[in-house]
Amino acid sequence: MHFMTALADAWRNRDSLLCVGLDPDPARFPKHLAGRPDAIFEFCREIVDATADLVCAFKPQIAYFAAHRAEDQLEALISHIHERHPGTPVVLDAKRGDIGSTAKQYAVEAFERFGADAITVNPFMGRDSLEPYLGRPDKGVIVLCRTSNPGGSDLQFLDVGGGERLFERVARLAATEWNASGNVGLVVGATFPAEIGRVRELTGDMPLLVPGIGAQGGDVAATVRAGRSAAGTGLMINSSRAILYAGSDEHFAEAARRAAETTRDEINRYR
Ligand SMILES: O=C(O)c1cc(=O)[nH]c(=O)n1[C@@H]1O[C@H](COP(=O)(O)O)[C@@H](O)[C@H]1O
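The chain appears in an unreviewed UniProt entry as Orotidine 5'-phosphate decarboxylase from Azoarcus taiwanensis. Taken from UniProt, the Pathway (unreviewed entry) comment for the chain reads in full: "Pyrimidine metabolism; UMP biosynthesis via de novo pathway; UMP from orotate: step 2/2."

Written out as structure tokens, the structure reads:
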């Protein structure tokens, strides 16, 4: 199914704008998983099974798997999500950006090897570096625009001419030239609600992936008010650590569910 269709269905059917980020850190796993060769898969599988009905998407971060030589566990996890929780889009957070020929390989990795429905990409190298992803109309291409980290302003706030800031240029290109297949979304951090509002103004109903609530302290109310689309959707609001590590014992998945439910409800209050 087309990523954008799956996402719209998930927003409606689950009544949720929450995206649970899968950033598995073995140092923070409950003790009973220690030493298991499949600990990363098992940890994430329990989180996924406990929260799937509460989310509009899952976002595994590839570094947390690759750092532990666990790409096979990432593959198994995404297969598990598709088999057991069909209709739940998976955004592979890889923030790729390279020349076209290399980007082609990254696209095969994300969409064929891992079976992701969407990928995060870095637009710094320009249009041709995005083509291999943009040319897959069934897949979502989620472009970094105004990131949640403090250093995001170093470049993203530069005036690129006529008072237009770099993140605004990215938003404008993403909503026009780059979006011929209607498969583009943008990343805008919850730590910058004013810029979420600006990006919403520039992009109509385009889906925005918004990380930065929870562990990074972003304001949920301000995020939703600034970023919701006319239909009261348009957002994948990501929380990773605040949900994954809500509990630290063998009941961690139940604790994660409670945290996800509370977060989903808080988001829904402001839609
Ligand atoms: O693309 C992202 O997902 C992303 C963009 C951004 O601007 N800021 C950001 O934190 N992220 C990712 O979102 C997740 C945030 O995790 P928590 O701070 O634990 O909720 C991490 O996987 C980050 O890599």
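The discussion continues.
(A) Up close: unusual backbone geometry. Located in the positive-phi region is Arg69, a residue other than glycine, with phi close to 55 degrees. With respect to the secondary-structure elements, Arg69 resides in the loop between helix 3 (63–66) and helix 4 (71–84). Given the relative accessible area of 74%, Arg69 is considered exposed. One non-glycine residue, Lys95, lies in positive phi territory at about 50 degrees. By secondary structure assignment, the location of Lys95 is in strand 3 (residues 91–96).

(B) Representation of the packing of aromatic side chains in the model. Scanning the model with the defined rule gives 4 aromatic pairs in all. A centroid spacing of 4.3 Å and a plane angle of 15 degrees characterise the contact between Phe29 and Phe43, whose relative ring orientation is stacked. You can see Phe29 sitting in the loop between strand 1 (18–22) and helix 2 (39–51) and its partner Phe43 sitting in helix 2, a full 14 residues away along the chain. Each of the two residues, Phe29 as well as Phe43, counts as buried. Centre to centre, the rings of Phe43 and Phe252 are 4.9 Å apart; their planes meet at 10 degrees, and the pair counts as stacked. Of this pair, Phe43 sits in helix 2 while Phe252 sits in helix 12 (residues 252–269); the two residues are 209 residues apart in sequence, bridging distant segments of the chain. Each member of the pair, Phe43 as well as Phe252, carries the same accessibility label: buried. Feature note: the residues Phe29, Phe43, Tyr245 and Phe252 constitute an aromatic cluster, connected by ring pairs. Above the face of the Phe157 ring, Arg165 is positioned so that its terminal group lies 5.0 Å from the ring centre.

(C) Structural context of helix 5 (residues 100–113). Taking 1.5 Å per residue as the helical rise, helix 5 with its 14 residues ought to reach 20 Å, and the 19 Å between its terminal C-alpha atoms agrees with that figure. Taken as a whole, helix 5 has its buried residues at Ala103, Ala107, Ala110 and Phe111. Buried positions in helix 5, seen along its axis, are confined to an arc of 80 degrees and lie on one side of it. Phi turns positive one or two residues past the end of helix 5, at Gly115, with a value near 70 degrees.

(D) Local environment of the packing of helix 2 against helix 12. Relative orientation of the contacting elements helix 2 and helix 12 amounts to 45 degrees, with a least axis distance of 9 Å. Classified by the angle their axes make, helix 2 and helix 12 are oblique. Handedness of the helix 2/helix 12 crossing: right-handed. On helix 12, the residues touching Phe43, Glu46, Ile47, Ala50 and Thr51 of helix 2 are Phe252, Ala253, Ala256, Arg257 and Ala260. Classifying every residue of the contact of helix 2 with helix 12 gives 7 nonpolar, 1 polar and 2 charged.

(E) Structural view of helix 1 (residues 3–14). Its 12 residues give helix 1 an end-to-end C-alpha distance of 16 Å, which sits within 8% of 16 Å, the value for a rise of 1.5 Å per residue. Every buried residue belonging to helix 1 is among Phe3, Met4, Ala6, Leu7, Ala10, Trp11 and Arg14, and all of these are buried. Seen from one end, helix 1 has its buried residues packed into an arc of 165 degrees, which puts them on one side. Opposite its buried face, helix 1 presents the exposed residues Arg12 and Asn13, each directed more than 90 degrees away. At the exit of helix 1 stands Asp15, carrying a positive phi of roughly 50 degrees.

What counts, and at which threshold
Residues numbered from 1 in each chain as written. Predicted model: local features only at pLDDT ≥ 70, side-chain atom pairs only at ≥ 80, totals over all residues. Heavy atoms only, no water. UniProt positions renumbered as here; feature names shortened; annotations may be inferred. Helix = DSSP H or I, 4+ residues; strand = E, 2+ residues; numbered from the N terminus. Buried < 20%, exposed > 50% of the residue type's maximum accessible area, 1.4 Å probe, protein only. Phe/Tyr/Trp six-rings, centres within 6.5 Å; stacked < 30°, edge-to-face > 60°. Lys NZ or Arg CZ within 6 Å of the ring centre and 35° of its normal. Expected span 1.5 Å × (residues − 1). Arc of directions from axis to C-beta. Axes fitted to C-alpha atoms, helices over the stretch in contact; angles between N-to-C directions. Parallel < 35°, antiparallel > 145°, perpendicular 65-115°, else oblique. Left-handed = near helix turned anticlockwise from the far one by under 90°. Contact = heavy atoms within 4.5 Å. Nonpolar A, V, L, I, M, F, W, Y, C, P; charged D, E, K, R; others polar.

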